[in-house]
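These are the residues of each chain, in order.
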Amino acid sequence: MESSNRPLVLARFALALKNIDYETVAVNLTKDGGQQFSEEFQALNPMKQVPALKIDGITISQSLAIIEYLEETRPTPRLLPQDPKKRAQVRMVSDLIASGIQPLQNLSVLKQVGQENQLTWAQQAITSGFNALEQTLQSTAGRFCVGDEVSMADLCLAPQVANADRFKVDLTPYPNISRINKSLLALEAFHVSHPCRQPDTPPELRA
Amino acid sequence: MSIESMMLSNHLILCRPLLLPSLSQHQGLFQGVRSSHQPILYSYFRSSCSWRVRIALALKNIDYETVAVNLTKDGGQQFSEEFQALNPMKQVPALKIDGITISQSLAIIEYLEETRPTPRLLPQDPKKRAQVRMVSDLIASGIQPLQNLSVLKQVGQENQLTWAQQAITSGFNALEQTLQSTAGRFCVGDEVSMADLCLAPQVANADRFKVDLTPYPNISRINKSLLALEAFHVSHPCRQPDTPPELRA
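What counts and how
Residues numbered from 1 in each chain as written. Chains lettered and ligands numbered in written order. Predicted model: local features only at pLDDT ≥ 70, side-chain atom pairs only at ≥ 80, totals over all residues. Heavy atoms only, no water. 1 Å grid on protein atoms, 1.4 Å probe; cavity = no way out; pocket = protein on both sides within 12 Å on 5 of 7 lines; lining within 4 Å. Points joined across faces, edges and corners; volume = space filled by probe spheres on them. Helix = DSSP H or I, 4+ residues; strand = E, 2+ residues; numbered from the N terminus. Nonpolar A, V, L, I, M, F, W, Y, C, P; charged D, E, K, R; others polar. Buried < 20%, exposed > 50% of the residue type's maximum accessible area, 1.4 Å probe, protein only. Lys, Arg positive; Asp, Glu negative; His and termini not counted. Salt bridge = Lys/Arg side-chain N within 4 Å of Asp/Glu carboxyl O. Polar contact = N/O pair within 3.5 Å; in protein donor to acceptor, adjacent residues only side chain to side chain. Contact = heavy atoms within 4.5 Å. Phe/Tyr/Trp six-rings, centres within 6.5 Å; stacked < 30°, edge-to-face > 60°. Axes fitted to C-alpha atoms, helices over the stretch in contact; angles between N-to-C directions. Parallel < 35°, antiparallel > 145°, perpendicular 65-115°, else oblique. Left-handed = near helix turned anticlockwise from the far one by under 90°. Pairing = 2+ DSSP bridges. Right-handed = clockwise from strand over helix to strand, strands pointing away.

Per an unreviewed UniProt entry, chain B goes by the name Glutathione S-transferase zeta 1 and belongs to Ovis aries.

The name recorded for chain A in an unreviewed UniProt entry is Glutathione S-transferase zeta 1, from Ovis aries.

Inspection of every chain in the model, using the stated rule, returns two cavities of 30 Å³ or more. The computed volume of the largest cavity comes to approximately 110 Å³. As for the largest cavity, its lining consists of Leu 64, Ala 65, Glu 68, Arg 91, Asp 95 and Met 152 of chain A together with Leu 106, Ala 107, Glu 110, Arg 133, Asp 137 and Met 194 of chain B. Within the residue set of the lining of the largest cavity, elements represented by two or more residues are α3 (63–73) and α4 (84–98) of chain A together with α4 (105–115) and α5 (126–140) of chain B. Within the lining of the largest cavity, the residues separate by chemical class into six nonpolar, no polar and six charged.

The next thing to look at is the side chain of Arg 54 of chain B. All names here are of chain B. Positionally, Arg 54 belongs in helix α2 (residues 48–59). Here Arg 54 is buried and forms no salt bridge, its nearest opposite-charge partner Asp 242 lying at an N-O distance of 5.7 Å. Here Tyr 44 takes part through its backbone oxygen, which lies 3.3 Å from a polar atom of the side chain of Arg 54. Here the side chain of Arg 54 touches Ser 235 through a polar contact of 2.9 Å, landing on its backbone oxygen. The contacts of Arg 54, once residues within four sequence positions are left out, are Leu 41, Ser 43, Tyr 44, Phe 45, Tyr 64, Ser 235, His 236, Pro 237 and Gln 240.

Under the definition given, this model contains six aromatic pairs over all chains. Geometrically, the ring pair formed by Phe 13 of chain A and Phe 190 of chain A is tilted, given 4.2 Å between the ring centres and 45 degrees between the ring planes. Separated by 177 residues along the polypeptide, Phe 13 of chain A in helix α1 (residues 6–17) and Phe 190 of chain A in helix α9 (residues 188–192) bring together distant segments of the chain. In this pair, the class of Phe 13 of chain A matches that of Phe 190 of chain A, namely buried. Considering the side-chain rings of Phe 172 of chain B and Tyr 216 of chain B, the 5.5 Å spacing of their centres and the 85 degrees angle between planes classify their relative orientation as edge-to-face.

A separate point is the pattern of salt bridges. Scanning the model with the defined rule gives 12 salt bridges over all chains in all. Here Arg 87 of chain A and Glu 114 of chain B are joined by a salt bridge, their closest N and O atoms 2.9 Å apart. Of the two residues, Arg 87 of chain A is situated in helix α4 and Glu 114 of chain B in helix α4; the pairing between them involves two chains. Using a relative accessible area of 15% as the deciding quantity, one classes Arg 87 of chain A as buried. Accessibility expressed as a relative area gives 28% for Glu 114 of chain B, which makes it partly exposed. Here Glu 114 of chain B makes a salt bridge to Arg 91 of chain A, at a shortest N to O gap of 3.0 Å.

The next thing to look at is the packing of α4 of chain A against helix α7 (residues 152–166) of chain A. Helix packing geometry: the angle between the two helix axes and the distance between the axes. Residue and element names in this part refer to chain A. Running from amino to carboxyl end, α4 crosses α7 at an angle of 25 degrees, the nearest separation of the two axes being 8 Å. It follows from the interaxial angle that α4 and α7 lie roughly parallel. Two packed elements cross with a definite hand, and for α4 against α7 that hand is left-handed. Each of Val 90, Arg 91, Val 93, Ser 94 and Ile 97 in α4 lies in contact with α7, whose residues at this interface are Met 152, Ala 153, Cys 156, Leu 157 and Gln 160. Across the contact of α4 with α7, the residue classes break down as seven nonpolar, two polar and one charged.

Now for the pairing of strand β3 (residues 64–68) of chain B. Residues and elements named next belong to chain B. Most of β3 is tucked away: five of the five residues are buried. The two faces of β3 match: Tyr 64, Thr 66 and Ala 68 on one face and Glu 65 and Val 67 on the other face are all buried. When strand β2 (residues 40–43) meets β3, the two strands line up parallel, connected through four bridges. The residue bridging Ile 40 from the neighbouring strand is Glu 65, located in β3. With respect to chirality, the unit in which β2 leads through α2 into the neighbouring parallel β3 is right-handed.

By volume, the second largest pocket amounts to about 1,100 Å³. Along its surface, the second largest pocket is lined by 48 residues, and Gln 91, Gln 144, Asn 148, Leu 149 and Ser 150 of chain B are the ones closest to its centre. Counting only elements with at least two residues in the lining of the second largest pocket, the list comes to α6 (118–140) of chain A together with α2, α4, α6 (149–155) and α8 (194–208) of chain B. When residues of the lining of the second largest pocket are assigned to their parent elements, the largest contribution, seven residues, is made by α6 of chain A. A breakdown of the residues in the lining of the second largest pocket according to their chemical character gives 18 nonpolar, 24 polar and six charged.

See below:
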C-alpha cells in the first residue's frame, strides 16, 4: 500500500479507531511500473487501486465501502452518528472529498494530464473542492467535520489535507479545514496510521 | 396508466428556472396541487448523478418537486449565488427534504434509505451491503467524476471525447470484472440496489460518449433489465421537465 495514498490512509485510520488488528501488504504504486497493475492485485481489485481489505472471508475495495462495512460489523466506537440527518451530513462531506476532490488528483489522472501540468491540475482540483468544503463545514462542523465527534468525514479530511500539502496548496483560506485537521492529527489513531509511520514508508519520508 | 399521468402522480412538475424568486411566492400558481412539505430536487435532465436520485425517489414512491438547474445556459445556472448557497460544490443534484439540504447523490440515497426504508435499496446482509457500496463507489468516485462537465471543460474541447472514453472504458473494464463476482439479475444479487441506480445512468453517459459496450456483457444485460423497470423509465433524461424538445422521448 502506497503510504501516502489518501483512500488507503483513510482505511487505516478507521481500523486504528476501531482497534482492529490487521496485517499490511504493501503495494507500491510507483515501483516495477506500479505493483497495482500485477495480475495478482488486479484479481483482488479490478480497479487496480488501493486500498483493498480482506476481512471476514471477503475482499472489499473502495475506502468508504470498507469503512461502512467496518461500522456495521464493529460498531464501536461509532464512525457515523445515530441521527439520519447527521449521518447524511457525514456522508455528504465524505463524498465531497472522496468523489469530488481525490479522484481528480489521483495518480492515474495526473499521469494522463502530463508531468508539466500535474501541479496546476492538482492544485485546481483541491482548491476548488476545498472552497466548497470550507463553506459546507461552516454549517456542519463543531469540533470536527460534523458536530463534536470524529466521523467518517474526518477520516476523509485529514488525508486530503496531507495531499494539499504535497501539492503546495495554501490553506490560509480554509480556517475550518485547518483547525479540524490539527485536532485530528493530535489523535492516536491518526498518529499511528499516518503515512510517515507505515511498514512501507521509505526511509527518507519516515517520521 | 400513461407515463404522463404517472409522472404527475409521482411528482409535481414545476420546471421553473432557478433564478426566479423563492418557492413560497409561487404557491399561488399551484394552489391545491403543491404540498409545502414536499421534497425539492435540484436536477438537470442529463446529469447522471441527478438521475440516480430521481430513480430512488421513484422506487420509493416519494412525491417531489423538480427545480431545473441548467448546467450550460447562462454560463451554467449552478454557478448562481442562490444555488451555490444550496450546494457549495455547484453541482446537481441537491435535495431539500425534512428541513435539510443534502448534496452528493449517494448521501441523498442513503438518507432516503434510512428514513423511507421500503422498498429497500440496500440488502440486509453487511457483506452484500459492502458489495453494493463498492460497486456504487466504483462508478460514483471512479468513473463519473473523471468525465463530468467541469473536468471536460478543463481538458479542452479537442480532448474531451478521448478523455471521457478513457475514463469510462477503464472503469467499465473494472466494473465488468467486479460484476462477475457480485451480479445476479442485477448488480448485486437479484434485487435492485443503489449500485443499479449508479449503473444505468453511467451506461447512458457511455452511449453519449460513443463507448462500445460489446466488451461488457454483464453491464449491458443489467442495464437492459433496469431500463424495463418503471422507476428507471419515468426518471429517464428524455422525460424530464427540462428535457429539450429535440431530446424528448
